[in-house]
Every structure is written in C-alpha cells, then in structure tokens.
Amino acid sequence: QVQLVESGGGSVQPGGSLRLSCAASGSIFNVLFMGWFRQAPGKQRELIAGITAAGHTNYAGSVEGRFTISRDNAQRSVHLQMNNLKPEDTAVYYCNQNVQTTVGSNGLDYWGKGTLVTVSS
C-alpha cells in the first residue's frame, strides 16, 4: 500500500503565498507522475500542476506563472509553491502520484486526503 500525506494548507489573504507538500510512503518502486488537483465548491476536481519523473512540468492556465510544482525523488515528495493567491484559488487541494509498486508493474494512482486552501480578505 501507498499512503500520501499532504501539508501546508491554510488561510491567506489575496496576494499571499502558501507552499503545499505531499510525502509518499509505503511500497514504492518508482513514481511516474506527481500532480496537484483542486476541487472548489460546486466544481469538478481539476489538474492544476503536474510533473513527470523526468521533471517535465505542466500547468493549468489559471495558475501558470503563479504556481510552481517541484519534486524530490529521494524523498518521494512533491511540492506546490503558490504565489499571488486569488480568492478563486480557494479549494481543497489533492496530491496525486502515479506509482509503480514493483519492477515492471503498471502505475497506479494514489491520492491524498486533501488540504483546504482559503484565500480571503
């Protein structure tokens, strides 16, 4: 089994910054993809930032230029630096990792429980 634990959510004023982190533990051979999703009230969960094992990143248009995703392969962790936060960034943020648990196995998706980010004055 693989467990993901997120940290770093909270409340911040518009224009502020937060840094989210997600650490994986358990039976992990390799992490193919790490990503951050978010779900705002009444909306579907959406991918906002992703990073491959090779370090290639992609961002949703709504966060590009403000958010930065990074990964630490040795620590099996992924981080999301969020700057210039806006009220519309308010959501529950979920960590996702696509994990190979053994050599040659298919990657499986694992999710954290989510951490709430509230941007309000």
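Thresholds, definitions, all that
- Residues numbered from 1 in each chain as written.
- Predicted model: local features only at pLDDT ≥ 70, side-chain atom pairs only at ≥ 80, totals over all residues.
- Heavy atoms only, no water.
- Helix = DSSP H or I, 4+ residues; strand = E, 2+ residues; numbered from the N terminus.
- Rg over C-alpha atoms; globule rule 2.2 N^0.38 Å.
- Buried < 20%, exposed > 50% of the residue type's maximum accessible area, 1.4 Å probe, protein only.
- Contact = heavy atoms within 4.5 Å.
- Areas by Shrake-Rupley, 256 points an atom, 1.4 Å probe, with all protein chains shown as cover.
- Lys, Arg positive; Asp, Glu negative; His and termini not counted.
- Charge placed at Lys NZ, Arg CZ, Asp CG, Glu CD.
- Phe/Tyr/Trp six-rings, centres within 6.5 Å; stacked < 30°, edge-to-face > 60°.
- Disulfide = S-S within 2.5 Å.

*Asks:* Is there a simple way to explain the overall build of the chain in this structure?
*Replies:* A tally of regular secondary structure across the chain gives zero helices and 11 strands. The secondary structure elements of the chain, listed N-terminal to C-terminal, are β-β-β-β-β-β-β-β-β-β-β. The C-alpha atoms of the chain give a radius of gyration of 14 Å, which matches the 14 Å a tight globule of 121 residues would have. The dimensions of the chain, computed from C-alpha atoms along their principal axes, are 50 × 25 × 25 Å. By residue count, 41% of the 121 residues in the chain fall in the buried class. Partitioning the intrachain contacts of the chain with sequence separation of at least 6 by distance along the chain shows that 56% fall at a separation of at least 24. For the chain, the exposed area adds up to about 6200 Å²; of that, 48% sits on carbon and sulfur atoms. Averaged over its 9 positive side-chain charges, the chain has a centre that lies 3 Å from the centre of its 7 negative ones.

*Asks:* In this structure, what is going on with the packing of aromatic side chains? I would like to understand it.
*Replies:* Geometrically, a pair of aromatic rings is defined through the distance of the ring centres and the angle of the planes. Within the structure shown, the criterion is met by one aromatic pair. Between Phe 37 and Trp 111, the aromatic rings sit 4.8 Å apart at their centres with planes inclined by 65°, giving edge-to-face as the arrangement. With Phe 37 in strand β4 (residues 30-39) and Trp 111 in strand β10 (residues 108-111), the pair connects residues that are 74 residues apart, well separated along the chain. For Phe 37, a relative accessible area of 17% gives the class buried. Trp 111 sits in the partly exposed class, given a relative accessible area of 38%.

*Asks:* Quick question: what am I supposed to make of the state of the cysteines here?
*Replies:* Any covalent bond linking the sulfur atoms of two cysteines counts as a disulfide. According to the stated counting rule, one finds one disulfide in the structure shown. For Cys 22, the disulfide goes to Cys 95, at an S-S distance of 2.0 Å. The sign of the S-S torsion, about -75°, decides the handedness of the disulfide formed by Cys 22 and Cys 95: left-handed. Taken as a pair, Cys 22 in strand β3 (residues 18-26) and Cys 95 in strand β9 (residues 91-100) lie far apart in primary sequence, 73 residues in all.

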